[in-house]
Amino acid sequence: MEKIKIAITKGRLLENSISLFERAGYDCSELREPGRRLILDIPGSPFSGVLAKAPDVITYVEHGVCALGIVGKDTILEHSNDFYEVLDLGFGKCSFALAAPKGSDFYAGSRTKRIASKYPRIAHDYFLSKGMDVSVIKIEGSVELAPLLGLSDAIVDIVETGSTLRANGLEVVETVCSLSARLIVNTAAMKLYRQEILAFIDKCRGAMQ
Ligand code: PRP
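Definitions and cut-offs
Residue numbers restart at each chain and count upward from 1, following the sequence in its written direction. The predicted origin of the model limits local features to residues at a pLDDT of at least 70 and limits the giving and counting of side-chain atom pairs to 80 or more, whereas totals for whole chains, interfaces and linings rest on all residues. Side-chain metrics in this entry use all non-hydrogen atoms of the structure; hydrogen atoms and water are not considered. Here's how the labels work: a residue is buried when its accessible area is under 20% of the maximum for its type, exposed when over 50%, partly exposed in between, all with a 1.4 Å probe on protein chains only. Secondary structure elements follow DSSP: runs of H or I no shorter than four residues count as helices, runs of E no shorter than two count as strands, and numbering proceeds from the N terminus. Two strands pair if DSSP finds at least two bridges between them. Proximity criterion: a residue is near a molecule or strand once any of its heavy atoms comes within 4 Å of it. Distance and chemistry together define a polar contact, namely a pair of N or O atoms within 3.5 Å, with one atom able to donate a hydrogen and the other to accept it when in protein, and with adjacent residues in sequence counting only for side-chain atoms on both sides. Axes, fitted as lines to C-alpha atoms, cover a helix only where it is in contact. Angles between the N-to-C directions of the axes lie from 0 to 180 degrees. By the definition adopted for this analysis, an angle is roughly parallel if under 35 degrees, roughly antiparallel if over 145, roughly perpendicular if from 65 to 115, and oblique otherwise. Here, two residues are considered to be in contact whenever any of their heavy atoms come within 4.5 Å of each other. As used in this record, nonpolar core signifies buried Ala, Val, Leu, Ile, Met, Phe, Trp, Tyr and Cys residues forming a set joined through side-chain atoms within 4.5 Å. Note that the domain bounds reflect an automated or database-derived domain assignment. Buried area is a sum: the accessible area each of two parts loses on coming together, probed at 1.4 Å, counted once for each and added.

## Examining the pairing of strand E1 (residues 4–9)
Stage number 1. Among the 6 residues in E1, 6 count as buried, and that is most of the element.
Stage number 2. Of the two faces of E1, the one carrying Ile4, Ile6 and Ile8 and the one carrying Lys5, Ala7 and Thr9 are both buried.
Stage number 3. Looking at chain direction, E1 and strand E3 (residues 47–52) are connected through 6 bridges and run parallel. Across the sheet, Thr9 pairs through a bridge with Ala52, a residue of E3.
Stage number 4. Here E1 runs beside strand E4 (residues 68–72); their pairing, made up of 3 bridges, is parallel. Note on E4: the bridge partner recorded for Ala7 is Gly69.

Shown next, in the form of structure tokens:
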């Protein structure tokens, strides 16, 4: 039988994902030594792991070429979500925050505020929910630069320890929402591989710390 693929987000979530699988009893020897390979077998199980960037995890799961995925709630909120979100994995904990230069009064004045973010949809939806009209500017990386360079009044970005904000003279104005890694499942795969997927979810749930 062809292996059921689990798309795993590379980077910050990878080590915690592999540790979780190991505690759940899966052999992650290949995942631990991937070299340049991107599809790694999980021997003795019906699964293999696929290493991908966060937005691509969603794309592969939505298209059904990977049955399962591990991805941050931030990426889920920013993209469409035509899949089941079945488990909060409890790691990769951080939050989205509105942050502005220290001491600046973000809400002062009537001018339309400019917000820089790597997550324009989340930033837009947040201010829409507050009934506030803002101009959202998409930035690809190190969004903290935008207010420092005078491009924006504030940012909406991920805050984990807060050290990046502090190092750049910014402070949290408001927390937007809490984030963590989630297990997602393709809707058709859930029917096709129900038994295997439910067993996998159960083992992961049992292995969560
Ligand atoms: C994220 C985020 C912040 C930083 C927050 O970036 O965009 O810049 O982490 O973490 P902290 O509160 O612990 O300082 P990341 O390091 O993931 O890099 P990226 O810009 O490539 O997304």
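## Quick notes on the site of the ligand
Stage number 1. Lining the immediate surroundings of the ligand are Arg12, Lys118, Ser142, Glu144, Asp157, Ile158, Val159, Glu160, Thr161, Gly162, Ser163 and Thr164.
Stage number 2. Between Asp157 and the ligand, the recorded distance is 2.7 Å, taken from a side-chain N or O atom to an oxygen atom.
Stage number 3. One of the backbone N or O atoms of Gly162 is found 2.7 Å from an oxygen atom in the ligand.
Stage number 4. Elements with a minimum of two residues in the shell around the ligand: strand E9 (154–159) and helix H7 (163–167).

## Notes on the packing of helix H1 (residues 14–23) against helix H9 (residues 194–207)
Stage number 1. Put simply, H1 and H9 touch, their axes get as near as 8 Å, and they point 100° apart. Accordingly, the angle class assigned to the pair H1 and H9 is roughly perpendicular. Seen from H1, the contacting residues are Leu20, Phe21 and Arg23; seen from H9, they are Phe200, Cys204 and Ala207.

## Some thoughts on the nonpolar core
Stage number 1. Grouped together as the largest cluster of nonpolar side chains are 32 residues, with contacts concentrated most on Phe21, Leu31, Leu68 and Phe200.
Stage number 2. Residue assignment for this core shows that the elements contributing at least two residues are E1, H1, E3, E4, strand E11 (181–185), helix H8 (187–192) and H9.
Stage number 3. Here this core takes 5 residues from H9, the largest share from any one element.
Stage number 4. The residues touching Leu68, leaving out its near neighbours within four places in the chain, are Ile4, Lys5, Ile6, Ala7, Phe47, Val61, Leu183, Ile184, Val185, Ile197 and Phe200.
Stage number 5. Membership of the second largest hydrophobic core comes to 15 residues, among which are Tyr126, Phe127, Val134 and Ala154.

## Here we look at the domain arrangement of the protein chain
Stage number 1. Taken domain by domain, the protein chain consists of domain 1 (4–92 + 180–208) and domain 2 (94–178).
Stage number 2. At the junction of the two partners, domain 1 supplies 7 residues and domain 2 supplies 9 residues.
Stage number 3. Carbon and sulfur atoms make up 47% of the area that domain 1 and domain 2 hide from each other, which totals about 750 Å².
Stage number 4. Counting the surface domain 1 buries against domain 2, the share from its top three residues, Asp74, Leu77 and Glu78, is 64%.

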